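Single-letter residue listing:
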Amino acid sequence: MIGLCDCNSFYASCERLFRPDLKRKPVVVLSNNDGCIVSATAEVKSLGIARGASYGSVKETLERNGVAVFSSNYPFYQDISDRVMALLSESVEGVAPYSIDEAFFTFGALSQTEGQWRSYEQEIRRIHRRIERLSGVPVSIGMARSKTLAKLANHIGKDPVRYGGCYVLRPELEEDLLRRIRLEDVWGIGPRRAAQMYRYGLRTAWDLTVRDDRWIERHFTVTGLQTAWELRGREEIDVETSRMRTLCSGITFAEPLTEFETVARTLSCHCMALSEKLRKRGVQATDLAVHLFTNRFKANRYSAVQPQPLAFPTAYPPALYQAAKQALHIIWREGHEYAGSRIWVTGLVPAGQRQFGLFDSEHVQAELDRQDRMTQALAQIEHDHGRRALLCGSGDMKLKLDLSRQLHLSPRYTTRWSDIPVVR
Amino acid sequence: MMGAGIFAGDILVVDRSIRPVFGDIVVAEYDGGFTVKRLLRPDSQDCKAILHPENPDYDDIHVSENAELTIFGVVSAVVKRIDRSWPRTGEKASRRRIS
């Protein structure tokens, strides 16, 4: 069976971990720039405030209801995530993290008798309790025959009263469940794809599974077919390849920017962030694209995307930055009030599997080795001194750039000695 | 917690995997905050545990049956800093005082 372990309201739960006073209080965590809500506890959701709501628009409601507000503290969340993943790995096989707060894994056999199912479910519950007790954050576990089904099982298990965070979807119950699941609620089917499916007369997830393979592939490509197979209980989707063929770092500026150098600095921040994301996944990028945009609700709107290939697959910030700056030169238009910037990296390949061209000299190889070592060194400095300790480019470090409005930042309880929790 | 050899500024190693039993030194979540105390068996009906401060200047906390008490973890080791810069002076130092 395939399992999906997922942390409930992860960022908000982390913020609660070292704050006993918030145990029963609603908590939200804001995005990078204190722009919008990225994580909220159940109490906040019941106030009608959803993830993605802009902070400004709900600020008053939050204050009125005594909601504790935090800026995002990624080093802290990552450390707690590492703990959860480590605990999971101690109990089950094949743990494959899918995002900071969820991981797939494999555990146990497929066909069992009633009595065996019972003990199987007990075992899953035991693992569930252990992860919650040792990590201190609430998690949900869903088990089923495929990843897509595990995702659904996980969602069902989240119901605290009925299932208490764990749900094992037995094969004989799949049909009954899929007949009640709307297409857009299936992992891998977005709203647009779902709308398409509705036009072909499909109504529930079950309707997709009973269609002919060739019909599905013709209308919804091989991706749609994979999803159908997964819903039929056949494991098809590989986490490593399905997970992000691209990575993105983007920001909406606190205030509109008009200077080239200032905007370039934001790209520099993106490059540092992307380098970290790439390193964490053990991959390197072959292409990047820069997106620059003005406020889309204002007159004289401008938005442009410029792709830029990288000379070699890389995670080295200065190499990314050099390409990003070239792209910025191409799309830069003087006189606009820029509202945000974004960089995507694509063509991700495993690090260390660089293909050298026949004519690449030893000199090139030596340079790339040097870049790899530099990247490691930069990673260490960032780890020791925090994000944005370093930036690329020749910009003035003192140049005031209010990129990270983080007025509600919590301490780095678990990664910085001076920030460890205090007890009396 | 002087009686247990824990002084202001000490760093506690807290193990969440140990199941607490009476007699353990624990970090507890009590009354909206963290506190380090020796966990002792209750001495009356309406009490579920005693948090003993191991310090004659402070009184035992009798945790009543309906009060909320969560054991965050069991203290498994104490790390002593012996340089002059620790604990930090001023506000931080007073926050670090462990009773």
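Residues numbered from 1 in each chain as written. Chains lettered and ligands numbered in written order. Predicted model: local features only at pLDDT ≥ 70, side-chain atom pairs only at ≥ 80, totals over all residues. Heavy atoms only, no water.

## Considerations on the overall build of chain B
Okay, step 1: Scanning chain B for helices and strands turns up one helix and six strands.
Okay, step 2: Going from N to C terminus, chain B has its helices and strands arranged as β-β-β-β-β-β-α.
Okay, step 3: Counting all 99 residues of chain B, 35% fall into the buried class.
Okay, step 4: A fraction of 54% describes how many contacts in chain B between residues 6 or more apart in sequence connect residues 24 or more apart. (Helix = DSSP H or I, 4+ residues; strand = E, 2+ residues; numbered from the N terminus. Buried < 20%, exposed > 50% of the residue type's maximum accessible area, 1.4 Å probe, protein only. Contact = heavy atoms within 4.5 Å.)

## Some remarks on the confidence of the model for chain B
Okay, step 1: Overall, the prediction assigns chain B a mean pLDDT of 87, with 85% of residues at 70 or greater.
Okay, step 2: Confidence over residues 89–99 of chain B falls short of pLDDT 50; this stretch has 30 contacts with residues more than four positions distant or in other chains. (pLDDT = per-residue confidence, 0-100.)

## A short note on the pairing of strand 4 (residues 47–52) of chain B
Residue and element names in this part refer to chain B.
Okay, step 1: In this sheet, strand 4 lies alongside strand 3 (residues 33–40) in antiparallel orientation, the contact comprising three bridges. When the sheet's bridge partners are listed, Leu40 is paired in strand 4 with Ile50.
Okay, step 2: Hairpin connection from strand 3 to strand 4: six residues lie between these consecutive antiparallel strands.
Okay, step 3: For strand 4 and strand 5 (residues 61–64), the ladder comprises four bridges, and the chain directions are antiparallel. The partner of Leu51 across the bridge, within strand 5, is Ile61. (Pairing = 2+ DSSP bridges.)

## Thoughts on the pattern of salt bridges
Residue and element names in this part refer to chain A.
Okay, step 1: What the rule picks out here adds up to 23 salt bridges over all chains.
Okay, step 2: Note that Asp6 is salt-bridged to Lys158, the shortest N-O span being 2.4 Å. Of this pair, Asp6 sits in strand 1 (residues 2–7) while Lys158 is found in the loop between helix 6 (147–157) and strand 8 (166–168), placing the two residues 152 residues apart along the sequence.
Okay, step 3: Residue classification places Lys158 among the partly exposed residues on the basis of a relative accessible area of 31%. (Salt bridge = Lys/Arg side-chain N within 4 Å of Asp/Glu carboxyl O.)

## Quick notes on the domain arrangement of chain A
All names here are of chain A.
Okay, step 1: Looking at chain A, the domain boundaries give domain 1 (9–74), domain 2 (77–239) and domain 3 (247–385).
Okay, step 2: Taking only C-alpha atoms into account, the centre of domain 1 sits 27 Å from that of domain 2.
Okay, step 3: Taken together, the contact between domain 1 and domain 2 spans eleven residues of the former and ten residues of the latter.
Okay, step 4: Together domain 1 and domain 2 conceal approximately 920 Å² of surface at their shared face, both sides included; 71% is due to carbon and sulfur atoms.
Okay, step 5: Looking only at domain 1, the three residues that lose the most surface to domain 2 are Phe10, Leu17 and Tyr74, adding up to 55% of its buried area.
Okay, step 6: Joining domain 1 to domain 2, the criterion identifies zero salt bridges.
Okay, step 7: On inspection of domain 1 and its partner domain 2, the count reaches four residue pairs in polar contact (both at pLDDT 80 or more).
Okay, step 8: The dominant element in the side of domain 1 that touches domain 2, judged by the number of residues it contributes, is helix 1 (residues 10–17), at six residues. (Domains from an automatic or database assignment. Buried area = accessible area lost by both parts, 1.4 Å probe. Polar contact = N/O pair within 3.5 Å; in protein donor to acceptor, adjacent residues only side chain to side chain.)

## Examining the sheet that holds strand 5 of chain B
Residue and element names in this part refer to chain B.
Okay, step 1: The six strands lie next to each other as 1-6-2-3-4-5, forming an open sheet whose pairing is antiparallel. Looking at strand neighbours, the two that pair on one side only are strand 1 (11–15) and strand 5, the edges of this open sheet. For this sheet, the mean inter-axis angle between neighbouring strands, taken without regard to orientation, is 50°.
Okay, step 2: Where strand 2 (residues 25–30) meets strand 3, six bridges bridge the pair, whose relative direction is antiparallel. Among the inter-strand pairings, Tyr30 is bridged to a residue of strand 3, identified as Gly33. (Axes fitted to C-alpha atoms, helices over the stretch in contact; angles between N-to-C directions.)

## Overview of the packing of aromatic side chains
Okay, step 1: Summed over the entire model, instances satisfying the criterion amount to 22 aromatic pairs over all chains.
Okay, step 2: Geometrically, the ring pair formed by Phe76 of chain A and Tyr77 of chain A is tilted, given 5.9 Å between the ring centres and 40° between the ring planes.
Okay, step 3: According to the relative accessible area criterion, Tyr77 of chain A is buried, its value standing at 0%.
Okay, step 4: On the basis of an interplanar angle of 90° and a centroid distance of 5.7 Å, the ring pair of Trp117 of chain A and Tyr120 of chain A is categorised as edge-to-face. Of this pair, Trp117 of chain A and Tyr120 of chain A both sit in helix 5 (residues 114–135), separated by three residues, roughly a single helical turn.
Okay, step 5: Judged by relative accessible area, Trp117 of chain A falls into the buried class, the value being 3%.
Okay, step 6: Members of the aromatic cluster, connected to one another through ring pairs, are Phe10, Tyr11, Phe18, Tyr74, Phe76, Tyr77 and Tyr413 of chain A together with Phe34 and Phe72 of chain B.
Okay, step 7: Between Arg211 of chain A and the ring centre of Trp215 of chain A, over which it is positioned, the NZ or CZ distance is 4.2 Å.
Okay, step 8: Sitting over the face of the ring of Trp229 of chain A, Arg234 of chain A holds its NZ or CZ atom 4.2 Å from the ring centroid. (Phe/Tyr/Trp six-rings, centres within 6.5 Å; stacked < 30°, edge-to-face > 60°. Lys NZ or Arg CZ within 6 Å of the ring centre and 35° of its normal.)

## Re the state of the cysteines
Residues and elements named next belong to chain A.
Okay, step 1: Inspection of every chain in the model, using the stated rule, returns zero disulfides over all chains.
Okay, step 2: For the unlinked cysteine Cys36, the closest cysteine sulfur is that of Cys248, found at 13 Å.
Okay, step 3: For Cys36, a relative accessible area of 24% gives the class partly exposed.
Okay, step 4: Of the cysteine sulfurs around Cys248, a residue in no disulfide, the closest is that of Cys271, at 12 Å.
Okay, step 5: We classify Cys248 as partly exposed; its relative accessible area is 28%. (Disulfide = S-S within 2.5 Å.)

## Section: empty space enclosed by the protein
All names here are of chain A.
Okay, step 1: By the definition in use, this model includes one cavity of 30 Å³ or more.
Okay, step 2: Lining the largest cavity, in full, are Gly188, Ile189, Arg193, Met197, Leu208, Thr223, Gly224 and Thr227.
Okay, step 3: Going through the elements one at a time, helix 8 (191–199) and helix 10 (213–231) are the ones with two or more residues in the lining of the largest cavity.
Okay, step 4: When residues in the lining of the largest cavity are grouped by element, the largest group, three residues, is from helix 10. (1 Å grid on protein atoms, 1.4 Å probe; cavity = no way out; pocket = protein on both sides within 12 Å on 5 of 7 lines; lining within 4 Å. Points joined across faces, edges and corners; volume = space filled by probe spheres on them.)

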